[in-house]
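Architecture and fold: a report
So you can see what is in the structure, the chains are spelled out below.
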Amino acid sequence: MFRSMKLTMSALPALMMLFAAHASAASFPPPLAWGYNFDGELGDGSTTNRTSAVQISGLTAVLQLAVGKFHGLGVKTNGTVWSWGSNGFGQLGDGSTTDRHVPVPVTGITSAVSVAGGALYSTAIKSDRTLLSWGNNQYGQLGDGTTTDRHVAGPVNGLTGVAAVSCGAQHTLVLETNGTVWSWGYNADGELGDGTTTNRSTPAQISGLSGVVAIAAGAFHSLALKSDGTMWSWGYNNSGQLGDGTFTNHSTPKQVTGLSGVVAIACGDYHCAALTSGGVVWDWGYDFYGQLGDGLSSSQAIPIHVTSLTNVAGIACGGNHTLAYLTNGTAWGWGYNFFGQLGDATTTDRHMPVQVLGIFGTMAIAGGANQSMGLAGPGNDDFSNTQTLTGASGSIVGSNAFATKQSGEPVHAGTSGGHSVWYKWTAPASGPVAFSTAYSGFDTVLAVYTGSSVSGLTLVSANDDINAGGTSWVSFTATAGTTYSIAVDGHGSAVGAIDLTWIQARGDFNADGVPELIIQNSSSQQVSIGYVAGSTITSYHLLNTLPSGWQVMAVGDFNGDGRPDLVLQNTSSRQVSLGYTDGSTVTSYQVIGVLPSGWQVAGAGDFDGDGKPELALNNPTTRQVSIGYIVGTAIARYQALTTLPSGWTLACVGDFNLDGKPDLVLQNSTSRQVSIGYYNGTSIVGFQPLTTLPTGWRVAGVGDFNADGQPDLILQNATSQQVSLGLVRGSTLTMYDPIGTLPAGWSVTGPR
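Note that the structure is predicted; figures quoted are calculated from it, not measured. (Residues numbered from 1 in each chain as written. Predicted model: local features only at pLDDT ≥ 70, side-chain atom pairs only at ≥ 80, totals over all residues. Heavy atoms only, no water.)

1. Digging into the overall build of the protein
Secondary structure assignment for the protein yields 1 helix and 58 strands. Buried positions account for 59% of the 752 residues belonging to the protein. Expressed as a percentage of contacts within the protein between residues at least 6 apart in sequence, the contacts between residues at least 24 apart total 52%. Looking at the protein as shown, the accessible area adds up to about 25,600 Å², and 51% of this sits on carbon and sulfur atoms. (Helix = DSSP H or I, 4+ residues; strand = E, 2+ residues; numbered from the N terminus. Buried < 20%, exposed > 50% of the residue type's maximum accessible area, 1.4 Å probe, protein only. Contact = heavy atoms within 4.5 Å. Areas by Shrake-Rupley, 256 points an atom, 1.4 Å probe, with all protein chains shown as cover.)

Spelled out as structure tokens, the structure:
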């Protein structure tokens, strides 16, 4: 019931040392806990259940956390092990049977590198790769050849190359550095994998199982991951938790059906989870509480895809709940939630993933019977531990819960004290930027300052969204290299998750804060910049002359230098190239791929939140829309996004709801209607009519021309050559603003 990760056979001690070096540089992430706390298993000094993450009291410099049924364990950098919670069987290892509400040291351990907790017992791997155990021993789960409980740690004999350990309810699994798996303890359901149902009090190797890189123990079943990415399971199978398509127990390993490329595994009481190499989660087994995350409550005997999560970095299972954390540092949970173990500030069971509140920058996560724990990034309620924002234009760079206002923090415009989340951001280039929040159900204020201490802040810009459920945003002109302090406040006692996004003007070739037009002459193949000031095209600048057959299709910063680059496509060969610019000329070209027949580039945006633009592709014949992901200097893969209704085509992309994800701008060639297709990071979740254009007009591009933080439409009349801006606010096109008339033969081709 704990997170398991793929390791090479000699990697565990090295991994712990690497984590120690990393954590030292980052001042060590605080350990957090949430959920059931009757016995003090959250370690916060109380016995109060918590529905969002709280810090474990007095525990610092933590390398790893593990969770038993009603107790917690932690390994510190100095090799000591600490424990807290229920102690009726000596599972805390402090020589007593007294429950502890805050962490206490486990007696006699000074060189631990990893820990794992069973229902009523505990284990620890030492740096010399031997194993210690303590607590309840009714079925021989301590592996010492007896069935006598131990209140202090003692050795498990016969194991000298331990790479990983996992504990079920009453049985133990060990992975050795040579890829073999050993087991002992309770075996009534075949969970030891030795072909019998006889309990064992000493370790025995599981026959026929080799090349294993990770293990996980459920309550009464077991799971192993091999180096070839396949999974093998054995033991109790009443809910399909063995994943072999049956509900039949088996006492020797059998392969899990239909899943390969697995990199991490985890087991709950009667369900399992796997993480594949693409950051995708799969669950199977018992699903009464929604712990499979598929929106249903029907047990599954083969793995099913948790479709609502992408970019997953790690997984864990509790008794009847499942946990994951993403590459962006957010933590998510689903399943049983009666005690708040999902951390979403409710006690409502969830059949789909919900975000854990109060934790961000997540680096590890673990689940117990009805509680959860995690290691997170720096605190989010202390100005001295402000989160640093990174990433490129339009990327989601942080998700947090509101935190308690700290003494000495300024009161931002519109608040009466509020709660504060602090960020720091250093401008990579000069020019306009907009910061926005995305949230629901409460009112926020967003404020930007210069200065690096509470007493030395100067307000740059602030905005109060006034009404609950709206979006707060601020825009200002940034100076390259300047560090800005950004605060998000909730009114009164408001709490909830927020996303902060920064957006830099797209298509801004001269870094004046306003995007320029890219125009192309279809006869001469010349490409020029049309500079816009106020509501007028003031001048033109020749950028380059393209070879015959090539067209500008989109604009984006593909080399991360803060200057827009051109996306070019050859109409005959379907080749796609990038034209890198320095702001005034194309300095070089780079071929990145050849599109399939019928496809064309329609825009560029950061669809996966990695800070780099991807291509939005459109097939006018089939009306399909796809994303083209660029890795290095090549289009590496495609992802189907949607199929548009008849008559509609993709015109460009832009973030219209300010959630940090590009949305689709769609136009109907017959009715001239324009709609927005909202993208949530994985799929199109809805369409919103925006306007109906006058006869002869088309959407030619998108950009924030009035510095309100929201993209506007660039419109062109093919007959009169007039160009107008369609100024957008929210989901409404508020007005048309004519900005000029292009010379004959020229067309707007971006930014889009």
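2. Let's talk about the confidence of the model for the protein
Summarising the model, the protein shows a mean pLDDT of 82, and 79% of its residues fall at 70 or more. Ignoring residues within four places in sequence, the model shows residues 1-27, a span with pLDDT below 50, making 69 contacts including any to other chains. Of the regions scoring below 50 in pLDDT, residues 390-419 engages in 119 contacts with residues more than four places distant in sequence or in other chains. (pLDDT = per-residue confidence, 0-100.)

3. Re the side chain of Q525
Inspection of the secondary structure assignment puts Q525 in the loop between β39 (517-521) and β40 (526-533). A relative accessible area of 11% places Q525 in the buried class. In terms of polar contacts, Q525 uses its side chain to reach the side chain of Q520, at 3.4 Å. When residues no more than four places from it in sequence are discounted, the contact partners of Q525 are Q520, N544, T545, L546, P547, S548, G549 and W550. (Polar contact = N/O pair within 3.5 Å; in protein donor to acceptor, adjacent residues only side chain to side chain.)

4. Looking at unusual backbone geometry
Of note, the amide linkage connecting G750 to P751 takes the cis form, showing an omega dihedral of 5°. Relative to the helices and strands, P751 is located in the segment after β58 (746-750). Its identity as a non-glycine residue notwithstanding, Q525 has a phi of 65°, on the positive side.

5. A word on the side chain of T123
Looking at the secondary structure, you find T123 in strand β9 (residues 121-126). Given a relative accessible area of 1%, T123 falls into the buried group.

6. Some points on the sheet that holds strand β3 (residues 50-55)
An order of β3-β2-β29-β28 is seen for the 4 strands of this open sheet, with the pairing classed as antiparallel. Of all the strands in the sheet, the pair left with one neighbour each is β3 and β28 (364-367). When the angles between neighbouring strand axes are averaged without regard to direction, this sheet yields 15°. Where β28 and strand β29 (residues 371-375) come together, 4 bridges link them in antiparallel fashion. In the sheet register, G367 faces β29, and the bridge partner there is S372. (Pairing = 2+ DSSP bridges. Axes fitted to C-alpha atoms, helices over the stretch in contact; angles between N-to-C directions.)

7. As for the pairing of β29
Within β29, 5 of the 5 residues are buried, leaving the element largely enclosed by the surrounding structure. Residues Q371, M373 and L375 point to one face of β29 and S372 and G374 to the other, with burial holding for every one of them. In this sheet, β29 lies alongside strand β2 (residues 31-35) in antiparallel orientation, the contact comprising 5 bridges. Its bridge partner lying in β29, W34 is registered against S372. Joining the antiparallel neighbours β28 and β29 is a turn of 3 residues.

8. Here we look at the packing of aromatic side chains
Counted under the stated rule, the structure contains 17 aromatic pairs. Between Y286 and Y289, the ring centres sit 6.4 Å apart and the planes meet at 80°, which makes this aromatic pair edge-to-face. Residue classification places Y286 among the partly exposed residues on the basis of a relative accessible area of 25%. Positioned over the ring face of W232 is K226, at 4.5 Å from the centre of the ring. Taking NZ or CZ as reference, R637 lies 3.9 Å from the ring centre of Y629, over its face. (Phe/Tyr/Trp six-rings, centres within 6.5 Å; stacked < 30°, edge-to-face > 60°. Lys NZ or Arg CZ within 6 Å of the ring centre and 35° of its normal.)

9. A few points about the pattern of salt bridges
For the structure shown, the criterion picks out 5 salt bridges. The partner of K254 in a salt bridge is D244, and the shortest N-O contact between them spans 3.6 Å. Here the residue K254 occupies a position in strand β19 (residues 250-255), and D244 occupies one in the loop between β18 (231-235) and β19, the gap between them amounting to 10 residues. Owing to a relative accessible area of 39%, K254 belongs among the partly exposed residues under this scheme. (Salt bridge = Lys/Arg side-chain N within 4 Å of Asp/Glu carboxyl O.)

10. Details of the pairing of strand β10 (residues 131-135)
Burial runs high along β10: 5 of the 5 residues are buried. Side chains of β10 alternate between two faces, with L131, S133 and G135 and L132 and W134 buried alike. Across 5 bridges, the pairing between β9 and β10 is antiparallel. When the bridges of β10 are listed, T123 appears paired with S133. Hairpin remark: β9 followed by β10, antiparallel, with 4 residues in the connecting loop; positive phi at R129, about 70°. In the sheet, β10 pairs with strand β11 (residues 150-155) via 3 bridges, with the strands oriented antiparallel.

11. With respect to the sheet that holds β10
An order of β8-β9-β10-β11 is seen for the 4 strands of this open sheet, with the pairing classed as antiparallel. Strands with a single pairing partner mark the edges of an open sheet, and in this sheet they are β8 (112-117) and β11. On average, each strand axis in the sheet is inclined to that of its neighbour by 20°, with strand direction left out of account.

12. Brief notes about the state of the cysteines
Taken as a whole and assessed by the stated rule, the structure comprises 0 disulfides. With no disulfide of its own, C272 has C267 as its nearest cysteine by sulfur position, at a separation of 3.4 Å. (Disulfide = S-S within 2.5 Å.)

13. Re the environment of G261
Inspection of the secondary structure assignment puts G261 in the loop between β19 and β20 (262-267). A relative accessible area of 30% places G261 in the partly exposed class. Separated by 16 residues in the primary sequence, G261 and S277 place their C-alpha atoms 5.9 Å from one another. Apart from residues no more than four positions distant in its own chain, G261 is found in contact with G229, L275, T276 and S277.

14. Overview of the environment of V256
With respect to the element layout, V256 can be found in the loop between β19 and β20. In this structure V256 comes out as buried when scored by relative accessible area, which is 1%. If sequence neighbours within four positions are ignored, V256 has contacts with L223, M231, W232, S233, L242, G243, W284 and P303.

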